[in-house]
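Coordinates in review
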Amino acid sequence: MSMTQQAPPAEAVEEQLGKIVTELGAALGVLLTSLGTRSGLWSALAGAGPLTTAEVAARVTVEPSLVREWLRAQAAGGYLAYDPATGTFTLPDAVAAAICHGPGGALVDAAATMLSSMGEGFAAFSEAFSAGQGFGWHQRTAAHWHGTDAFTRVALPAELIEAAIAEMPGLAAVLAADGSVADVGCGYGTPTMAIAGLFPAARVLGIDYHDASIAHSRAEAARRDVGNVRFEVAAASGLPGHGYDLITFFDSLHDMGDPLGALTRARQALGPAGAVLLVEPLGADDVEGNLNPAGRMFYAVSTLACTPNAVSQKTATSSEPLGLAGQQRLRALAAEAGYSHVRRLEVPAPMNLVLELRS
Ligand SMILES: C[S@@+](CC[C@H](N)C(=O)[O-])C[C@H]1O[C@@H](n2cnc3c(N)ncnc32)[C@H](O)[C@@H]1O
């Protein structure tokens, strides 16, 4: 601190230290909430009214003193109401609706799986981060890929994909007859297999640069006996084939080292009436529009998981990694890649921007 600078007021520093404590509690809260889902603690509390620790413990197989600490932690986190007069804990209906009956519990559980991988690989990741390097999808542990897929299952269900395709003029009829689809950056192939299931006459290809994800997708397709899908190891820039009726990117474009190259290759591989379905996280157009809890989460995932993969693929000639891009940036990138029509599809996707691209 220079001689002319004044030390910040002690209370302001104190406030920041308090914020760090809040942050630690929130970060650990992800694991606690996931534990509640996995062990049945949330279900034990849902709709049960006020319960003592012993009453909750009688409903689960968790050791009673761990039940006690978990209940107290969730009460401190604001998820449970605590009545000191009776020593009981109540799960409010709204919390039960979000965690037990809504998508909240599954999303937090998927995040916990991803966090466990981030924690395990944090030494290697932080070294790469500090040394100006990226960190590829293939450098993660399997929990990262499992967790991503678990997240996708909640955020991009088959109904959402079906609704998006229904919004794209003429496409559903083509796919129902005998269309062809490529899903780029397919990961574990959950959306890919959803499309194959929705359109059994269509031929569906999923590609991903990551061989372990492709091996997993192939095994899952065989297990589920999905006959009209195949999976290949390939980077977006090398998408095989041409004449596709539909090319999809489900939360994958921002993971790529050359997003412009990926969209350009997709345009070249489309048939004359073909279209791209581009699904990206729901970012605002300007930074200030993302300075809120959702933007904070998206920027954090972008910094810790997505952009490191993009950076690991960057070459001297590739375009800039996208990061959390808003609609304007995506539209500009699509125009640069040669698409003349870009339309936002009005589908119920609370966490995503869903765009149709045509050239
Ligand atoms: C966030 S995951 C999404 C996976 C899948 N689409 C889903 O919705 O579950 C991003 C995927 O993009 C893949 N990916 C990253 N860069 C790629 C590239 N250049 N070419 C093909 N796939 C890529 C990663 O391996 C990862 O599977």
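Residues numbered from 1 in each chain as written. Predicted model: local features only at pLDDT ≥ 70, side-chain atom pairs only at ≥ 80, totals over all residues. Heavy atoms only, no water.

Glancing now at the site of the ligand. Surrounding the ligand, one finds 20 residues, the nearest of these being Thr152, Gly185, Asp208, Ala236 and Phe250. Note that an oxygen atom of the ligand is positioned 2.7 Å from one of the side-chain N or O atoms of Thr152. The separation between a nitrogen atom of the ligand and a polar side-chain atom of Gln313 is 2.9 Å. Relative to its unbound accessible area of 590 Å², the ligand is 95% covered by the protein chains. (Near = heavy atom within 4 Å. Polar contact = N/O pair within 3.5 Å; in protein donor to acceptor, adjacent residues only side chain to side chain. Areas by Shrake-Rupley, 256 points an atom, 1.4 Å probe, with all protein chains shown as cover.)

Summed over the entire model, instances satisfying the criterion amount to five aromatic pairs. Between Trp42 and Tyr79, the ring centres sit 6.0 Å apart and the planes meet at 70 degrees, which makes this aromatic pair edge-to-face. Taken together, the positions of Trp42 in helix α2 (residues 41–45) and Tyr79 in the loop between α4 (64–76) and β2 (81–83) put the pair 37 residues apart, joining distant regions of the chain. Residue classification places Trp42 among the buried residues on the basis of a relative accessible area of 2%. Ring plane angle 35 degrees and centroid distance 4.8 Å describe the contact between Tyr82 and Phe89, whose orientation is recorded as tilted. Of the residues examined, Phe89 reaches a relative accessible area of 2% and is grouped as buried. (Phe/Tyr/Trp six-rings, centres within 6.5 Å; stacked < 30°, edge-to-face > 60°. Helix = DSSP H or I, 4+ residues; strand = E, 2+ residues; numbered from the N terminus. Buried < 20%, exposed > 50% of the residue type's maximum accessible area, 1.4 Å probe, protein only.)

At a minimum axis distance of 7 Å, the contact between helix α6 (residues 104–120) and helix α8 (residues 142–155) shows a crossing angle of 165 degrees. Looking at the two axes, α6 sits roughly antiparallel to α8. Relative to α8, the crossing made by α6 is left-handed. Facing Ala106, Leu107, Ala110, Thr113, Met114, Ser116, Ser117 and Met118 of α6, the residues of α8 in contact are Ala143, His144, His146, Gly147, Thr148, Ala150, Phe151 and Val154. When grouped by side-chain class, the residues that make up the contact of α6 with α8 number nine nonpolar, seven polar and no charged. (Axes fitted to C-alpha atoms, helices over the stretch in contact; angles between N-to-C directions. Parallel < 35°, antiparallel > 145°, perpendicular 65-115°, else oblique. Left-handed = near helix turned anticlockwise from the far one by under 90°. Contact = heavy atoms within 4.5 Å. Nonpolar A, V, L, I, M, F, W, Y, C, P; charged D, E, K, R; others polar.)

One can find Ser34 in helix α1 (residues 10–39). Beyond its immediate stretch of four places on either side in the chain, Ser34 contacts Val108, Asp109 and Ala112.

Let's shift gears to unusual backbone geometry. Even without being a glycine, Asp225 presents a positive backbone phi close to 60 degrees. Tracing the chain through its elements places Asp225 in the loop between α12 (211–224) and β6 (229–233). The class for Asp225 is exposed, based on a relative accessible area of 67%. With a phi close to 50 degrees, Asp251 is a non-glycine residue in the positive phi region. Mapped onto the fold, Asp251 is located in the loop between β7 (244–250) and α13 (259–269).

Time to look at the pairing of strand β10 (residues 352–358). Among the seven residues of β10, seven are classified as buried, and the element is accordingly described as predominantly covered. Burial of β10 is two-sided: the residues Asn352, Val354, Glu356 and Arg358 facing one way and the residues Leu353, Leu355 and Leu357 facing the other way are all buried. Where strand β8 (residues 270–281) lies against β10, six bridges are found, and the strand directions are antiparallel. From the neighbouring strand, Leu277 faces β10, where its bridge partner is Glu356. Sheet topology note: the strand β9 (residues 341–344)/β10 ladder contains four bridges and is antiparallel. Bridge pairing in β10 links Val342 to Leu357. (Pairing = 2+ DSSP bridges.)

Spatial relationships are all this shows, so hold off on functional conclusions.
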